[in-house]
There are 2 protein chains.
Amino acid sequence: MTVTLADVAARAQVSPATVSRVLNGNYPVAATTRERVLRAVDELDYVLNGPASALAAATSDLVGILVNDIADPFFGIMAGAVQSEIGGPGGRAGGERLAVVCNTGGSPERELTYLTLLQRQRAAAVVLTGGAVEDPAHAAAMGAKLRRLGESGTRVVLCGRPPAPDTGAIALTFDNRGGGLRLTQHLLALGHRRIGYIAGPEERTTTRHRLEGHRAALSAHGITDDPHLTLHGPYDRRSGYDAALELLRRDPDLTAVVAANDTVALGACAALRDRGLRIPADVSVAGFDDLPFSMDAVPALTTVRLPLQTAGARAGRIAMGREDAPPGGIATVQGELMVRGSTGVPDPGRGGA
Amino acid sequence: MTVTLADVAARAQVSPATVSRVLNGNYPVAATTRERVLRAVDELDYVLNGPASALAAATSDLVGILVNDIADPFFGIMAGAVQSEIGGPGGRAGGERLAVVCNTGGSPERELTYLTLLQRQRAAAVVLTGGAVEDPAHAAAMGAKLRRLGESGTRVVLCGRPPAPDTGAIALTFDNRGGGLRLTQHLLALGHRRIGYIAGPEERTTTRHRLEGHRAALSAHGITDDPHLTLHGPYDRRSGYDAALELLRRDPDLTAVVAANDTVALGACAALRDRGLRIPADVSVAGFDDLPFSMDAVPALTTVRLPLQTAGARAGRIAMGREDAPPGGIATVQGELMVRGSTGVPDPGRGGA
DNA sequence: CTGTTAGCGCGTTCAT
DNA sequence: ATGAACGCGCTAACAG
């Protein structure tokens, strides 16, 4: 039924071993023989059996990419960048590698499950993107899993994620804390004092680091952070919308809102507009990530730009062994403050009466 | 070095076959035996060898998803939806299946390459998303490929893509033509007569169908389409920005711009604003797809909503054989006109002098 | 319900 | 430069 390597060998009048050699191009083969084999491959429409190949060679051409939410451009951009770098020479049978994108939905269990699945497939490499969940038990389980993966020959790279000590995993970490710090400093410099903060989900490193930066900026300014002005929620528009309304209820004199990311910020903007508030005249709004649509928001969103594309591409190259790992296996990637129209000087009329 | 099924069998004092049976859960196994095996698996930290399993069973747990651009939420949403439906019972070893997301970048060659790679992996199913390239040679090659995939047991589903006759592939097609028609009808009903059209890349079915709908609406209104008012370009913001400026140059009295999709529409909006034109007072703008950010544009974008999530999920279920294919193997999915703030009655002052 | 026996299709030693 | 033989780890018949 299905044509195998042996069929090709028979048609080309050579041994199966020779066919395997021309297909993988790892051993010297006479030009005329190669010709003949390739012709037979073509005539028979032969397609290599990946599983058999992987079994015999004890490695596959699969590269795993773990993301929280593939529908979110934040992850889509990174996944695309990783994927664009994993092709090329070095792999089996022509250097084509397949990206296996796994949607964890932010669930720790699914994260572990997918890693097991990838281990099962003998993935050549695994790239984990996005923040980690901070539960100690989960962190331990992940650490053990990553170590095992590394030991069995799968290269592991963390992209936009804190390092996993003692696992051998390479980490490209985003400086979320520094970004959060600079963003709030910017607001403080404009004169804002009553700043609401819409944070991401609890127990996630990204959420905590960005929030830490925010608080560090406040306290450096001698402002005691009011816990009532910090709300947690998922990284989606709805969360931003609801939280903005709630913040306004808690402090009607708010002059600025900082959101966990751009998507949340857009939701917050919608809420403010629906309440008849102008941005930034009445309330300034800032986001994080600088996703493509943020530039087209009206007014354009002040945010912290993360080099998602660049970082993803680099993670992909490191995963393929085509670029050296950073010294110590850890590199910190900086975000860049993008000041745009959504933040401005606070209205002196607000905040007083 | 690596622990195999035989090791587990030895530890659990059973035969390898029994271990395989409890792992796959396809045959009845005594509860106590199962216990013992599972304990051994746990103690040994055993992980099934996917390639070996796939080789022996002649099928894998991989499901391919072809997308044009994973960084584009249009595809991210569909890919996520497909992925959310491919798990569950029925697969090998616990019913977990892995989504292999392949970024074609819209390139016909890469599309074919990825299909070969998926065929090589003996993928359980393949879902192709997005429009197709209209080159006859490529269509023929794709047809042959899809047929072969189907013959070798891989279920093929097209999602948001025109049917591929005689390939056995199931198609969930978006009614791009109807959506384009209704969108332009809406504009005509508002009183617009000079409408610019920023189309997608040439030679793509999506581009052609949406454009056909637009033209059909125009001619039904007795308006002869001015070819100068149609521009082609990629599905990105930049294309929308540049094209809007060019359209304005070609016809300064334009009262409306229809874009190939929402991303392009946002770029067009930016260009219009930069030229000092108000939306919709001076120029109305409409998009297509209704991606999440379109609702938060200012003004909110009038567009045609495509049920990406629903369609993707359905494609996933059909691919897994968990839902019957539509009659004839083809279903047409309608888009819904979403009238929002970006379109309005044209300014009588424009278009005249 | 469980063990035994054969391969699945390919890569890779060894020879030649 | 090429061929022969073996084994990768697992599943799928068959027995029992």
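Residues numbered from 1 in each chain as written. Chains lettered and ligands numbered in written order. Predicted model: local features only at pLDDT ≥ 70, side-chain atom pairs only at ≥ 80, totals over all residues. Heavy atoms only, no water.

> What should I look at first to understand the interface of chain A and chain B in this one?
How big an interface is tends to be reported as the loss of accessible area on association of its parts. Each partner contributes residues to the interface: chain A has 49 residues there, and chain B has 49 residues. Of the roughly 4300 Å² buried at the junction of chain A and chain B (both faces included), carbon and sulfur atoms supply 62%. When the area that chain A buries against chain B is broken down by residue, the three leading residues are A:Leu98, A:Arg120 and A:Asp296, summing to 15%. Inspection of the chain A/chain B interface yields four salt bridges. We note a salt bridge from A:Asp296 to B:Arg237, for which the minimum N-O separation is 2.5 Å. Along the contact surface separating chain A from chain B lie ten residue pairs in polar contact (both at pLDDT 80 or more). (Contact = heavy atoms within 4.5 Å. Buried area = accessible area lost by both parts, 1.4 Å probe. Salt bridge = Lys/Arg side-chain N within 4 Å of Asp/Glu carboxyl O. Polar contact = N/O pair within 3.5 Å; in protein donor to acceptor, adjacent residues only side chain to side chain.)

> Could you clarify how one ought to interpret the protein's contact with DNA strand D in this entry?
Around DNA strand D, a shell composed of 27 residues is seen, among which A:Ala30, A:Thr33, B:Leu5, B:Ser20 and B:Tyr46 lie nearest. Those atoms of DNA strand D that come within 4 Å of the protein belong to sugar or phosphate at a rate of 72%. Contact between DNA strand D and A:Ala30: a phosphate oxygen at 2.7 Å from a main-chain N or O atom of the residue. Taking B:Ser20, its side chain carries an N or O atom lying 2.7 Å from a phosphate oxygen of DNA strand D. When contributions to the surface near DNA strand D are tallied by element, the ones reaching two or more residues are helix H2 (16-24) and helix H4 (50-57) of chain A together with helix H2 (16-24) and helix H4 (50-57) of chain B. (Near = heavy atom within 4 Å. Helix = DSSP H or I, 4+ residues; strand = E, 2+ residues; numbered from the N terminus.)

> Whenever I open this one, the relation of the copies chain A and chain B confuses me. Can you help?
The operation relating the two chain copies consists of a rotation about an axis and a shift along that axis. With an RMSD of 0.2 Å, chain A superimposes on chain B once it is rotated by 180 degrees and translated 0.1 Å along the axis. Between the two chains, the operation in question is that of a two-fold axis. With an isologous cut-off of 70% or more, the 100% of interface residues of chain A that recur at the interface of chain B puts this contact in the isologous class. (Least-squares fit on C-alpha atoms with pLDDT ≥ 70 in both.)

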